[in-house]
Amino acid sequence: SGATKPALRVYKEANTIAMSPSATNPGLTQSGDYPNFFRTIASDDAQALLEVNFALDTLNLTKIAVIHDKGDYGKGLATLVKEGLEKRGINIVLFEGVTPGAVDYSALVRKIKAANPEVVAFGGYHPEGSKIVTQSRKKDITAHFISGDGLKDPSFIKIGGEYAEGYFVSSPSDISNIPATVEVTAALKAKGQKPGNFGLQAHAGIMTVFHAIEKSESTKAEDIAKVLRADSVSTTLGNISFDAKGDVLGSGFAIYKVINGEFVELKW
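Predicted model, so just to flag it, every value in this text is computed and none were measured.

Rules used throughout
- Residues numbered from 1 in each chain as written.
- Predicted model: local features only at pLDDT ≥ 70, side-chain atom pairs only at ≥ 80, totals over all residues.
- Heavy atoms only, no water.
- Helix = DSSP H or I, 4+ residues; strand = E, 2+ residues; numbered from the N terminus.
- Contact = heavy atoms within 4.5 Å.
- Polar contact = N/O pair within 3.5 Å; in protein donor to acceptor, adjacent residues only side chain to side chain.
- Pairing = 2+ DSSP bridges.
- Buried < 20%, exposed > 50% of the residue type's maximum accessible area, 1.4 Å probe, protein only.
- Axes fitted to C-alpha atoms, helices over the stretch in contact; angles between N-to-C directions.
- Parallel < 35°, antiparallel > 145°, perpendicular 65-115°, else oblique.
- Left-handed = near helix turned anticlockwise from the far one by under 90°.
- Nonpolar A, V, L, I, M, F, W, Y, C, P; charged D, E, K, R; others polar.

(A) Summary view of the side chain of serine 171. For serine 171, the location among the structural elements is in strand E7 (residues 168-172). What serine 171 contacts, discounting residues up to four positions off in sequence, is Gln47, Asp149, Lys152, Asn197, Gly252, Phe253, Ala254 and Tyr256.

Structural data, given as structure tokens:
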């Protein structure tokens with residue numbers, strides 16, 4: 001989201017369609033400033049609500065700390081989680097920002113330990129997330145950790161190792177059995193590759209743009225946008241379309257848990 005926001009000004013001035021598989025900040029679409037922008041991933045307000053409901057209604061825990069990396073994505077998601085908790089009548093025990101790229105997060109860990117939360121919600125990416133949970137566990141902090149899709153990356157598990165076990169992550173729902181996904185994944189496997197965390201969202205975005213160009217018989221942004229908002233297209237995410245603001249319809253988030261070194265989608 002941090003990279004997408006300034007780039008959108010350029011695309012808008014050039015009257016060019018922008019399609020993102022990973023930029024989740026709500027304001028990118030909901031502000032109405034970028035009518036040329038579409039995304040094949042749900043926005044962070046949906047992701048934050050899922051995390052809040054999971055913590056309160058499934059884990060049944062209410063003593064929650066919220067931390068973030070001060071970035072557009074991380075702080076944006078963390079703020080939405082904070083607001084969602086407050087709407088449910090929960091007073092969070094800690095709301096703290098950290099500096100990305102730091103080696104030592106001991107000052108933050110001390111604050112977490114002093115607040116003694118039952119759940120730590122982190123808004124940010126896997127390099128910081130793996131360090132924070134590792135240093136927290138080494139200081140005997142037993143709270144559950146939950147984060148957004150910025151942590152659902154194999155590197156998080158590889159770096160976090162045993163300390164990543166049990167971590168909860170919200171991320172796009174499992175789409176492995178959708179016919180188009182089976183076909184695309186098999187084609188990549190034949191080349192010794194596999195889709196990355198947002199690879200299938202990217203593929204879906206390209207397919208919807210191709211469809212819009214073919215149907216409109218045009219490469220003009222306004223013609224493509226009109227079809228994107230009107231048609232449902234079969235993709236690696238299933239049948240999707242876009243609302244008037246450019247948000248995807250038909251694809252959402254799920255909760256995953258790190259179990260035996262793998263992200264496992266939970267049914268709850």
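Still to come is the rest of the account.
(B) Local environment of the side chain of glutamine 135. Among the structural elements, glutamine 135 can be located in helix H6 (residues 126-138). A distance of 3.1 Å separates a polar side-chain atom of glutamine 135 from the backbone oxygen of valine 103. Polar side-chain contacts of glutamine 135 include one of 2.8 Å to the backbone nitrogen of tyrosine 105. Residue contacts for glutamine 135: discarding those within four places in its chain leaves Val103, Asp104, Tyr105, Ser106 and Val109.

(C) Summary view of the sheet that holds strand E9 (residues 238-242). Pairing is antiparallel in the open sheet, where 3 strands are placed in the order E8-E9-E10. Both edges of this open sheet fall to strand E8 (233-235) and strand E10 (248-249), since each of them pairs with a single strand only.

(D) Expanded view of the pairing of E9. The buried fraction of E9 amounts to 4 of the 5 residues, a majority that puts the element mostly inside the structure. For E8 and E9, the ladder comprises 3 bridges, and the chain directions are antiparallel. Of the residues in E9, the one forming a bridge with threonine 235 is glycine 238. Taking the residues that link successive antiparallel strands as the turn, the E8-E9 hairpin has 2 residues. Once E9 ends, the chain turns through 5 residues before running back antiparallel as E10, passing glycine 246 with a positive phi of about 105°.

(E) Seen up close, the packing of helix H5 (residues 106-115) against H6. Where H5 meets H6, the closest approach of the two axes is 10 Å, and the angle between their N-to-C directions is 55°. The angle between the axes of H5 and H6 places the two elements in the oblique class. For the crossing formed where H5 meets H6, the hand is right-handed. Counted together, Ser106, Leu108, Val109 and Ile112 of H5 and Ile132, Gln135 and Ser136 of H6 form the full contact between these two elements. The class makeup of the residues in the contact of H5 with H6 is 4 nonpolar, 3 polar and no charged.

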